[in-house]
Amino acid sequence: MLNILEPGLLTTVQDLGRLHWYHIGMPPSGALDDFSFRVSNLLVGNPEDAAGLEVTYSGPSFEVTSEGLIAVTGADIAFTINNQPAAQWRAHALQPGDRVSLGGVRRGARAYICLAGGITVSERLGSRSTYMLGRFGGLDGRKLEAGDCLPLGTPHTSPGAMLGRTCDPALIPVPQKEIEVRVVMGMCSHRVAPDSLKDFLAADWEVSTEADRIGYRLKGPTFEFNAGEQPFGAGADPSNVVDLGYPIGSIQIPGGLEAIVLLNDAVTGGGYTTIGTVITADLDLIAQASPGCHVRFREVTINEALQARRERETRIEQVRLALGIFDQAGMLGQ
Amino acid sequence: MSETRYDYGGDEYLLVVFSEAMDLAINFKLLSICREIERRRIPGVIEVCPANASYLVHFRPEETHPDALIRTLKDLEREIQSAETLTSRLVDIPVLFDDPWTQECAKRFADRHQDPSVSNLEYLMRVNGYSSKEEFITAYCDRPYWISMVGFVPGTAWCYRMCPPEQAIQAPKYIRPRTDTPERAVAHAGVFLCIYPVQGPGGYQLIGMSAVPVYDPEEHLPDLKGRYILANAGDRWQFRPIDMDEYNDIRSEVEAGSYRYRIIEQDFRPDEYMRDPELYLKHLREEAAHA
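Residues numbered from 1 in each chain as written. Chains lettered and ligands numbered in written order. Predicted model: local features only at pLDDT ≥ 70, side-chain atom pairs only at ≥ 80, totals over all residues. Heavy atoms only, no water.

### Some remarks on the environment of G276 of chain A
Residue and element names in this part refer to chain A.
Thinking step 1. Mapped onto the secondary structure, G276 falls in strand β17 (residues 274-278).
Thinking step 2. Judged by its relative accessible area of 0%, G276 is buried.
Thinking step 3. With 191 residues separating them in the primary sequence, G276 and P85 have C-alpha atoms 43 Å apart. (Helix = DSSP H or I, 4+ residues; strand = E, 2+ residues; numbered from the N terminus. Buried < 20%, exposed > 50% of the residue type's maximum accessible area, 1.4 Å probe, protein only.)

### Digging into the interface of chain B and chain A
Thinking step 1. Taken together, the contacts link 51 residues of chain B with 45 residues of chain A.
Thinking step 2. In total, chain B and chain A occlude about 4200 Å² of area from one another, counting both sides; carbon and sulfur atoms represent 58% of this.
Thinking step 3. When the buried surface of chain B facing chain A is broken down by residue, D11, E20 and F152 of chain B rank first, second and third, together holding 14% of it.
Thinking step 4. Applying the counting criterion to the chain B and chain A interface returns six salt bridges. (Contact = heavy atoms within 4.5 Å. Buried area = accessible area lost by both parts, 1.4 Å probe. Salt bridge = Lys/Arg side-chain N within 4 Å of Asp/Glu carboxyl O.)

### Thoughts on the state of the cysteines
Where two cysteines share a covalent bond between their sulfur atoms, that bond is called a disulfide.
All names here are of chain B.
Thinking step 1. Enumeration over the complete set of coordinates arrives at zero disulfides over all chains.
Thinking step 2. Here C105 stays unpaired: no disulfide links it, and the sulfur of C194, its closest cysteine neighbor, is 13 Å away.
Thinking step 3. You can call C105 buried: its relative accessible area is 0%. (Disulfide = S-S within 2.5 Å.)

### Description of helix α4 (residues 120-127) of chain B
Residues and elements named next belong to chain B.
Thinking step 1. N120, L121, Y123, L124 and M125 are the residues of α4 that are buried.
Thinking step 2. On the buried face of α4, the contacting elements are α3 (100-108), α5 (133-140), β8 (185-189) and β10 (205-210).
Thinking step 3. Backbone geometry just after α4 places G129 at a positive phi near 80°.

### Description of the pairing of strand β12 (residues 215-219) of chain A
The side chains of a regular strand alternate between both faces of the sheet.
All names here are of chain A.
Thinking step 1. Bridge analysis of strand β11 (residues 205-211) against β12 gives three bridges, and the strand direction is antiparallel. Across the sheet, residue E206 finds its bridge partner in β12, namely K219.
Thinking step 2. Counting the residues between successive antiparallel strands, the hairpin from β11 to β12 contains three residues.
Thinking step 3. Sheet analysis places β12 next to strand β15 (residues 259-262), joined by four bridges and oriented antiparallel. (Pairing = 2+ DSSP bridges.)

### So, the packing of aromatic side chains
All names here are of chain A.
Thinking step 1. What the rule picks out here adds up to 24 aromatic pairs over all chains.
Thinking step 2. Relative to F223, the ring of F200 lies with its centre 6.2 Å away and its plane at 40°, an arrangement referred to as tilted. Here F223 lies in the loop between β12 and β13 (240-245) and F200 lies in helix α3 (residues 194-202), a separation of 23 residues in the sequence.
Thinking step 3. Of the residues examined, F223 reaches a relative accessible area of 5% and is grouped as buried. (Phe/Tyr/Trp six-rings, centres within 6.5 Å; stacked < 30°, edge-to-face > 60°.)

### Concerning the confidence of the model for chain A
Thinking step 1. With 97% of its residues at a pLDDT of at least 70, chain A reaches an overall mean of 94.
Thinking step 2. Low confidence marks residues 328-334 of chain A, where pLDDT is under 50. Its contacts with residues over four positions away, or in another chain, come to 14 contacts. (pLDDT = per-residue confidence, 0-100.)

### Looking at the sheet that holds strand β1 (residues 5-9) of chain B
All names here are of chain B.
Thinking step 1. Taken together, four strands build an open sheet; the order of strands is β1-β2-β4-β3 and the sheet is antiparallel. Across the chains shown, the open sheet's two edge strands, defined by having one partner strand only, are β1 and β3 (45-50). Ignoring strand direction, the axes of neighbouring strands in this sheet form an average angle of 20°.
Thinking step 2. Across the sheet, helix α1 (residues 24-40) is in contact with β3 and β4 (54-59); its angle to β3 comes to roughly 165°. (Axes fitted to C-alpha atoms, helices over the stretch in contact; angles between N-to-C directions.)

### Re the domain arrangement of chain A
Residues and elements named next belong to chain A.
Thinking step 1. The assigned domain composition of chain A is domain 1 (2-172) and domain 2 (178-300).
Thinking step 2. Using C-alpha coordinates to define each centre, domain 1 is positioned 30 Å away from domain 2.
Thinking step 3. With 26 residues of domain 1 in contact, the opposing surface of domain 2 contributes 21 residues.
Thinking step 4. When domain 1 packs against domain 2, the two sides together hide about 1600 Å² of surface, and 49% of this comes from carbon and sulfur.
Thinking step 5. Broken down residue by residue, the surface that domain 1 buries against domain 2 is led by Y22, L32 and R110, which jointly contribute 38%.
Thinking step 6. Remark: the boundary between domain 1 and domain 2 carries one salt bridge.
Thinking step 7. The residue R213 makes a salt bridge to E54 at a minimum N-O spacing of 2.8 Å.
Thinking step 8. Run the count over domain 1 and domain 2 and you get 14 residue pairs in polar contact (both at pLDDT 80 or more).
Thinking step 9. Ranked by residues supplied to the side of domain 1 that touches domain 2, first place goes to strand β8 (residues 99-115) with four residues.
Thinking step 10. Residues that form the side of domain 1 that touches domain 2 fall into these classes: 14 nonpolar, eight polar and four charged. (Domains from an automatic or database assignment. Polar contact = N/O pair within 3.5 Å; in protein donor to acceptor, adjacent residues only side chain to side chain. Nonpolar A, V, L, I, M, F, W, Y, C, P; charged D, E, K, R; others polar.)

Put into structure tokens, the structure is as follows:
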């Protein structure tokens, strides 16, 4: 059991997300920085899809009631066990009564805490992920509060086997203030003036303060639309289209005034022009970007996007091999 | 009808657009296609999400290359030339129009509206040429609304009044969206009516309050157990104006967890609707009355 003493700014239970329900308007949710989350689970001997905590900007403090293992990954963050500094990207032993504290992030936006056995709040629609806007999943569909108690499952491997395991430093991503993300252009981009699309790809975009699990609003150049009458049912503004589905990672341009990248708690559809989609492999970079960070978009082909996806799986495979984990049972059913 | 557009939504989604404009005939056809995609369990397809004039497919590229999936979907489109008979539920939605809660909300965000001197309902009446509130509400509810899309947040349904395009009731969205809307608010923008499933931001014109929820995350109501939301794409909702007394009675039943939705399942034949909408709606109404 975890007894939450301080919840931190915004801490939620997440796993790899809830698939198959996008058609009812239910987004997948799940850890935004997929790589960091999966590695955190691997370090404590869990399947990659066990539930852990996603910490935003500043962390929780909690007490554990049983023996166990913990690993903290993702953003660079102050991390102590019983007031002693502890290393991230490494498995540490916990004893009953131990106090774990995370402070503010030093670099990046989101840290991940996984414990051996995983957090075992009840599954809803096949996942333990929290979807706050829909008050669904996690702990009562909300962020953690002081006084919350979170159940832990039985560890999958003996804690001793994983103790002191670390991730190869060469594989640890370092959050940057300036990032480049790759994007497959298309969808409704034909409605946008060609010069505006060029500007989109050339510009330096700044992450605004409205950046959360639903989406990141970015400030940059405005967009012009191709002339023409609005289609029936689309709405009067040239940035409106007849409402359609929004992929996770899709970029929309309401009013032509800003760009919004949708993330795991996305609204699943709506009536704004979408001009492209950030490739899955690069969504982790956005997850670690905070307001004031700079983003550039680089166009890639679908086959380059698929190649990037394979390269990310290779990195996870390297982590697994380095940890001596050959059983991929945790990968099934993702 | 222009050619259907198949496009990538990154490495996990495909967007298939049949038309840039809203068109019921196209929605009927794409719902048939989407139901067939689900039925065939195409390898790699996680799910399909129908929208007003398009659909989105979520897939695993490890199991199918997107270009191979596009070929499969194009074949399917050629196979399904016309919309099949669709199972469609007719659902009674009791609405308190001109209610105090949405009026209070509209006042709070008056600075974001085109004309804050009148209520959103009066604004909607005016831009559609109505002067009598009773007349407008009667006309607004004189026929069912077709659910052409579900999404945004869980349970949001795009409800399209089943009439020829030239008779559509239309309204612009707020100039700037509100940061708050009450849960269950009934609202209109563009050619669509929607009920807000949860409290949150929004830009539609606020005209009433549904007595019944459209999203039930706690599975409080027996009809929403295991399904969480009321809407299916391809259902029809019949809005029924009610007064404050009936509103309060239904709210008590909902809060007690004993409310049962009035739902009648019917076979809907798109071809018959397209041939003579008024006649076919009358037929369905009579059939429902005897169910």
